[in-house]
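Here is how the chains run, residue by residue.
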Amino acid sequence: MARLVLKFGGTSVADIQRIERAAEKIAREYKAGHEIAVVVSAMSGVTNKLVGYCDEITSMYDAREYDTVVSSGEQVTAGLMAIALQKRGIPARSWLGWQLPIICDDIHGKSRILDIPTDEIEKRFKGEEVLVLAGFQGVTEKNRIATLGRGGSDTSAVALAAALKAERCDIYTDVDGIYTTDPRVVPEARRISQISYDEMLELASLGAKVLQNRSVEMAMKNNVSLQVLSSFNDEIGSDLPGTLVTKEENIMEKPVVSGIAFSTKEAKISILNVPDEPGVAAKIFEPISNANIIVDMIVQDVSSKGNVTGITFVVPKEDAKKAEQVLSGLEILKDAEVRVNQDVAKISVVGIGMRTHAGVAEKMFRTLAAKGINIGVIAATEIKISVLIAQDYSELAVRALHDAYNLEQAEV
Ligand code: ADP
Ligand code: ASP
Ligand code: MG
């Protein structure tokens, strides 16, 4: 007998037929004698619709009320899934974030889980009950509903698996595992059988939405064994048909490049004519950070005239306006010019083998150059290289790089 957390994403619960199909899989795991907690997303499209309702009234909505609205999608699927399980003779009960509770901080819209008390769950497991938790939501210490950021049901599932010390957390979705890049963009993408937490965290943070990056971070910290698998075929998680996200030491094959991620969700901000003097970077980035804006890929030019320089960095598109406002109010930039470019894409190659192999960056630059693609900004860590290019070239770049690193070739 094992303790399992099974998460079903939006497309896996998109209609009643799919909910019943998911319930069948849960029933098979339950009948094999496992203790089961299920986490569900809203039916696909529902969260976008709910976000749209808020936007229709105003783009300046109160984040607490946004959370009240957008958390409602998961309530529907939790109840429906419990009904589908009960129909199969399984004692199941739905739980909302405030009921369990999933305690989280009050950064509404991007809240983080702080604690999940497990006494009630343990009691229910003893009574052989299946728990069905509404994903994506928790309750703050001020007793308000908060949501965990888009894609946050993955994090609900991993947090629950960590709290319950589950043997495995199975993320059922619309693809049968993690691929070398998004298989919807590159049909030649290859399924990976195992991937390290570090690589998956980079891929997820750099745009691969198959797992929310916070869920990978949490799995890594708590050593949760994570499997990504399809909800559309006949296999169940215990057959281990999907991709396992695990510790680096468990992985036999350490490819130089494991995957390619891309994102068009960022904007490039360039500041020209910045005074080249000590403390200027702090004066720019402190107010940006105080405004809760996450910055990436910072580059400072070599000062050509001696007393002024240029600084370029990347922020999420939705924060670009706010960043521009913050910068326009800074005394230090009174003679500077701020330019925002929304038309960019970030392309990243990721692999733990890069630590010990040279030439990965050179191949990336050469491949992009051969396609006539200009590189705006470059950033690297020991296991990833990211470049910023014009958004129109993003698919071409991903396909060319996938080919250049031979990622379509089968694992050996
Ligand atoms: P869910 O609704 O189940 O949470 P998501 O849409 O959030 O599913 O994530 C699954 C999608 O992630 C896939 O349909 C696929 O298009 C996309 N994706 C992006 N990068 C990858 C990758 N490297 N491997 C697999 N899927 C990826
Ligand atoms: N329903 C939420 C979203 O669409 C959470 C999730 O599906 O993970 O972002
Ligand atoms: Mg998702």
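Structure first, text after, so check above.
As a further point, take the packing of aromatic side chains. Here the structure, examined in full by the defined rule, presents three aromatic pairs. Between Phe8 and Tyr172, the ring centres sit 4.5 Å apart and the planes meet at 5°, which makes this aromatic pair stacked. Here Phe8, found in strand S1 (residues 3–8), pairs with Tyr172, found in strand S9 (residues 168–173); they are 164 residues apart in sequence, far enough to count as distant. With centroids separated by 4.9 Å and ring planes inclined at 70°, the aromatic side chains of Phe285 and Phe313 adopt a geometry described as edge-to-face. Highlighted residues: Phe285 in helix H9 (residues 280–290) and Phe313 in strand S16 (residues 308–316), separated in sequence by 28 residues. Phe313 carries the same exposure label as Phe285, and that label is buried.

Taken together, the residues surrounding ligand 2 are Ser41, Ala42, Thr47, Glu74, Phe136, Arg150, Gly151, Gly152 and Ser153. Here Gly151 contributes a backbone N or O atom positioned 2.9 Å from an oxygen atom of ligand 2. Within the backbone of Ser153, a nitrogen or oxygen atom sits 3.0 Å from an oxygen atom of ligand 2. Contact with the protein chains removes 86% of the 260 Å² of surface that ligand 2 exposes when unbound. Of the residues that constitute the shell around ligand 2, the class distribution is two nonpolar, five polar and two charged.

The next point concerns the pattern of salt bridges. One pass over the structure, following the stated rule, counts 23 salt bridges. Across the pair Lys7 and Asp154 runs a salt bridge whose closest N-O atoms are separated by 2.7 Å. With Lys7 in strand S1 and Asp154 in helix H6 (residues 153–163), the pair connects residues that are 147 residues apart, well separated along the chain. One salt bridge in this structure joins Asp62 and Arg64, with 3.2 Å as the shortest N-O distance. On the basis of relative accessible area, Asp62 is assigned to the partly exposed category, the value being 33%. Members of the salt-bridge network, linked through shared partners, are Glu20, Glu24, Lys87 and Arg88.

Let us now look at the sheet that holds S1. Taken in spatial order, the eight strands of this open sheet run S3-S6-S2-S1-S9-S11-S12-S10, and their pairing is mixed. A strand with exactly one partner marks an edge of an open sheet, and here the two such strands are strand S3 (92–95) and strand S10 (194–196). With strand direction ignored, the average angle separating the axes of adjacent strands in the sheet is 20°. Where S3 lies against strand S6 (residues 130–134), four bridges are found, and the strand directions are parallel. By the bridge assignment, Ala92 is partnered in S6 with Val130. Lying over the sheet, helix H4 (residues 72–87) contacts strand S2 (35–40), S3 and S6, oriented at roughly 160° with respect to S6.

To continue, consider the site of ligand 1. Around ligand 1 sit 17 residues, and of these Thr173, Asp174, Tyr179, Asp182 and Arg184 come closest. Between ligand 1 and Gly10 there is a distance of 3.1 Å, counted from an oxygen atom to a backbone nitrogen or oxygen. Separating an oxygen atom of ligand 1 from a side-chain N or O atom of Asp174 is a distance of 2.8 Å. In isolation ligand 1 has 570 Å² of accessible area, and contact with the protein removes 89% of it. Here the residues of the shell around ligand 1 are counted per class, giving six nonpolar, six polar and five charged.

Basis of the calculations
- Residue numbers restart at each chain and count upward from 1, following the sequence in its written direction.
- Lettering of chains starts at A and numbering of ligands starts at 1, both following the order in which they are written.
- A pLDDT threshold of at least 70 governs which residues receive local features in this predicted model, and a stricter bar of 80 or more applies before side-chain atom pairs are shown or counted, although totals over entire chains, interfaces and linings include all residues.
- Side-chain metrics rest on all non-hydrogen atoms present in the structure, leaving aside hydrogens and water.
- Between the rings of Phe, Tyr and Trp (Trp by its six-membered ring), a pair exists once the centres lie within 6.5 Å; its type follows the angle of the planes, with under 30 degrees stacked, over 60 edge-to-face, and the other angles tilted.
- To qualify as a helix, a DSSP run of H or I must reach at least 4 residues; to qualify as a strand, a run of E must reach at least 2; elements of each kind are numbered from the N terminus.
- The buried label goes to any residue with under 20% of its type's maximum accessible area, the exposed label to any with over 50%, and the partly exposed label to all in between, with areas taken from a 1.4 Å probe on protein chains only.
- We call a residue near a molecule or strand whenever a single non-hydrogen atom of that residue lies within 4 Å of it.
- The definition of a polar contact used here is a pair of N or O atoms within 3.5 Å, where within protein one atom must be able to donate a hydrogen and the other to accept one, and adjacent residues in sequence count solely through side-chain atom pairs.
- Accessible surface area values rest on a Shrake-Rupley calculation with a 1.4 Å probe, where residue burial reflects the displayed protein chains alone.
- Three classes are used, and their members are as follows: Ala, Val, Leu, Ile, Met, Phe, Trp, Tyr, Cys and Pro are nonpolar, Asp, Glu, Lys and Arg are charged, and the others, Gly among them, are polar.
- Should a side-chain nitrogen of Lys or Arg be within 4 Å of a carboxyl oxygen of Asp or Glu, the pair is scored as a salt bridge.
- Strand pairing is assigned whenever DSSP identifies at least 2 bridges connecting the two strands.
- Comment: axis = line fitted to C-alpha atoms, over the contacting stretch for helices; angle = value between 0 and 180 degrees taken between N-to-C directions.
- Contact between two residues is taken to exist if any of their heavy atoms lie within 4.5 Å; hydrogens are not considered.

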